[in-house]
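Next come the chains, spelled out residue by residue.
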Amino acid sequence: PYSYEEASQLHETMLEKDQISGAYARLFCDKMGILAGILPVLIAWAVAVGGLLKSSRHMPESTLYGLGASHLWTRFFAMSAVSFFPILILAIAATVELSIGLQALGLSMNPLAFVSYSVVWLIPTVMFTVAVGLFFFSLTKGSAGVFVQFGIWYLSMLRWTDDGLDPVKYGV
């Protein structure tokens, strides 16, 4: 427990250094990370299935599986960008909303906090999710990637304890 003076000093340090926007940006990324852990695999699966169906009509089976690494990398980065774009739009909207609220209180904020935290925190999550989807789709030519990523996502939502995994009990 902090004394009043220590808590007051900690509060002032947070207002000056973190400028409140850092805390809100971390909270934003925490909540968006939940969605970024599962939704991009659905996009990757849909694009992969659509590409397989379209390609199989125009190319024989032997050329379909020999498309090459550059094609897969292009598809991977395109799906990652498409999956991250809505997060970026929401980060900008949250920045505008928070800046309006903080201006009314006379507080300052870092205008790049939401975008920078999103880039550092959420792009790796989106890229991993898309990679799992593409890898398992390429491996099985089915929807196994969705199920594998759902399992990874579900396990990451559980709280780790000393005894192993323990489901999060909200309000209990």
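Below: a short report on this structure.

Thresholds applied
- In this numbering scheme, every chain counts its residues from 1 along its sequence in written order.
- Given that the model is predicted, a residue must reach a pLDDT of at least 70 before its local features are reported, and side-chain atom pairs must reach 80 or more before they are shown or counted; all residues, however, enter totals for whole chains, interfaces and linings.
- Computation of side-chain values covers all heavy atoms of the structure but excludes hydrogens and water.
- Here a strand is any run of E in DSSP of at least two residues, a helix any run of H or I of at least four, and the numbering for each starts at the N terminus.
- Contact definition: two residues touch when any of their heavy atoms are within 4.5 Å.
- The accessible surface values rely on the Shrake-Rupley method and a 1.4 Å probe; as for residues, cover is taken only from the protein chains in view.
- Residues grouped as a nonpolar core are buried Ala, Val, Leu, Ile, Met, Phe, Trp, Tyr and Cys residues, joined through side-chain atoms within 4.5 Å.
- Partly exposed residues are those whose accessible area sits between 20% and 50% of the maximum for their type, while under 20% is buried and over 50% is exposed, using a 1.4 Å probe and protein chains only.
- Ring geometry is summarised as follows: Phe, Tyr and Trp rings, the Trp one being its six-membered ring, pair when their centres sit within 6.5 Å, and such pairs are stacked at plane angles under 30 degrees, edge-to-face over 60 and tilted between the two.

### Description of the overall build of the protein chain
So, point 1. Counting secondary structure elements, the protein chain contains seven helices and two strands.
So, point 2. When the elements of the protein chain are put in sequence order from the N terminus, they spell out α-α-α-α-α-α-α-β-β.
So, point 3. Nonlocal contacts in the protein chain, meaning residues at least 24 apart in sequence, comprise 73% of its contacts between residues at least 6 apart.
So, point 4. When the accessible surface of the protein chain is summed, it comes to about 11200 Å², and 69% of that surface belongs to carbon and sulfur atoms.

### Overview of the nonpolar core
So, point 1. Within the largest apolar cluster, 24 residues are counted, with the highest numbers of intra-cluster contacts made by Phe28, Ile87, Phe114, Leu122, Val130 and Leu134.
So, point 2. The biggest single contributor to this core is helix H5 (residues 69–105), with eight residues.
So, point 3. Sequence-distant contacts of phenylalanine 28, defined by excluding residues within four places in its chain, comprise Ile87, Leu90, Ala91, Ala94, Phe114 and Ser118.

### Points about the packing of aromatic side chains
So, point 1. The tally for this structure, following the rule as stated, stands at six aromatic pairs.
So, point 2. Look at phenylalanine 135 and phenylalanine 136: their rings are 5.1 Å apart centre to centre, the planes differ by 85°, and that puts the pair in the edge-to-face class.
So, point 3. We classify phenylalanine 136 as partly exposed; its relative accessible area is 23%.
So, point 4. Centroid distance phenylalanine 150 to tryptophan 153: 5.5 Å. Interplanar angle 40°. Geometry classified as tilted. Separated by three residues within a single helix, phenylalanine 150 and tryptophan 153 lie in helix H7 (residues 144–157), roughly one turn from each other.
So, point 5. Look at phenylalanine 150 and you get partly exposed, because its relative accessible area is 41%.
So, point 6. A connected cluster of aromatic rings, assembled from ring pairs, spans Trp73, Phe76 and Phe77.

Interpretation note: all reported values are geometric properties and have no functional meaning in isolation.
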